[in-house]
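# Inside the fold
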Amino acid sequence: MKQRLESMRRELVVLVEQTGSFVDPKVVKLSQKIDRIVLAMQRKRMQRKIK
């Protein structure tokens, strides 16, 4: 999952450079996907700490 996240992050940087915008729909969509992955990783980490 970490490798996928890093790959998506690099893709996001390229996309922002290509579009020149942080609010382009493609940039926002990819950013939201990254956010969901980060939140899922944080939830898993918290669950491990609770157990």
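Everything that follows concerns the structure shown earlier in this document.
All of the points below concern the structure found in this document. (Residues numbered from 1 in each chain as written. Predicted model: local features only at pLDDT ≥ 70, side-chain atom pairs only at ≥ 80, totals over all residues. Heavy atoms only, no water.)

### Side note on the nonpolar core
The nonpolar side chains of soluble globular proteins are, as a tendency, buried together. The condition is simple: We call a set of buried Ala, Val, Leu, Ile, Met, Phe, Trp, Tyr and Cys residues a nonpolar core when their side-chain atoms join them within 4.5 Å. The cut-offs for exposure are 20% and 50% of the maximum accessible area for each residue type, with area from a 1.4 Å probe on protein chains only; residues under the lower value are buried, those over the upper are exposed, and the others partly exposed. A run of H or I in DSSP becomes a helix once it reaches four residues, and a run of E becomes a strand once it reaches two; helices and strands are each numbered from the N terminus.
Within the largest apolar cluster, ten residues are counted, these being Leu5, Met8, Leu12, Leu15, Val16, Val27, Leu30, Ile34, Ile37 and Met41. Those elements giving two or more residues to this core turn out to be helix H1 (2-19) and helix H2 (25-50).

### Points about H1
The cut-off we apply is this: Multiplying 1.5 Å by the residue count of a helix minus one yields the expected span of that helix. Each direction from the helix axis to a C-beta atom contributes to the arc, which is the arc of those directions. The contact definition used throughout considers only heavy atoms, calling two residues in contact when any of these lie within 4.5 Å.
The first and last C-alpha atoms of H1 sit 26 Å apart over 18 residues, in line with the 26 Å expected at 1.5 Å per residue. What H1 keeps buried is the set Leu5, Met8, Leu12, Leu15 and Val16. Down the axis of H1, the buried side of the element spans an arc of 95 degrees, and every buried residue falls inside it. Along H1, the residues that are exposed and aim more than 90 degrees away from the buried face are Gln3, Glu17 and Gln18. Where H1 is buried, its residues touch H2. Phi turns positive, to about 70 degrees, at glycine 20, one or two residues after H1.

### Thoughts on the environment of valine 28
With respect to the helices and strands, valine 28 occurs in helix H2. Note: C-alpha distance between valine 28 and leucine 12 (16 residues apart in sequence) is 9.2 Å. What valine 28 contacts, discounting residues up to four positions off in sequence, is Phe22 and Val23.

### Things to note about the packing of H1 against H2
How two helices pack is summed up by the angle between their axes together with the distance between the axes. Let me state the cut-off plainly: Convention adopted: a line fitted to C-alpha atoms gives each axis, helices being fitted over their contacting stretch, and angles between N-to-C directions are expressed from 0 to 180 degrees. Here the angle decides the label: under 35 degrees means roughly parallel, over 145 means roughly antiparallel, 65 to 115 means roughly perpendicular, and every other value means oblique. Throughout, a crossing is termed right-handed when the near helix is turned clockwise from the far one, and left-handed when it is turned anticlockwise from it by less than a right angle. Polar here means any residue other than Ala, Val, Leu, Ile, Met, Phe, Trp, Tyr, Cys and Pro, which are nonpolar, and Asp, Glu, Lys and Arg, which are charged; Gly is therefore polar.
Viewed as axis vectors pointing N to C, H1 and H2 meet at an angle of 160 degrees, and their least axial separation amounts to 10 Å. With respect to each other, H1 and H2 are oriented roughly antiparallel. H2 is crossed by H1, and the crossing has left-handed handedness. Contacts from Lys2, Arg4, Leu5, Met8, Arg9, Glu11, Leu12, Leu15, Val16 and Thr19 of H1 reach H2 at Lys26, Val27, Leu30, Ser31, Lys33, Ile34, Ile37, Val38 and Met41. When the residues that make up the contact of H1 with H2 are grouped by side-chain class, the tally is eleven nonpolar, two polar and six charged.

### Things to note about the pattern of salt bridges
What counts here: Salt bridge criterion: a side-chain nitrogen from Lys or Arg within 4 Å of a carboxyl oxygen from Asp or Glu.
Considering all chains together, one arrives at two salt bridges under this definition. For arginine 9, the salt bridge goes to glutamate 6, with nearest N and O atoms at 2.7 Å. Note that arginine 9 and glutamate 6 are positioned in helix H1 at a spacing of three residues, about one turn of the helix. Exposure remark for arginine 9: the relative accessible area of 40% places this residue in the partly exposed category. Two residues, glutamate 6 and arginine 10, come together in a salt bridge whose shortest N-O distance is 3.6 Å. Remark: arginine 10 and glutamate 6 occur in helix H1; sequence separation between them is four residues, near one turn of the helix. Since its relative accessible area comes to 31%, glutamate 6 is described here as partly exposed.

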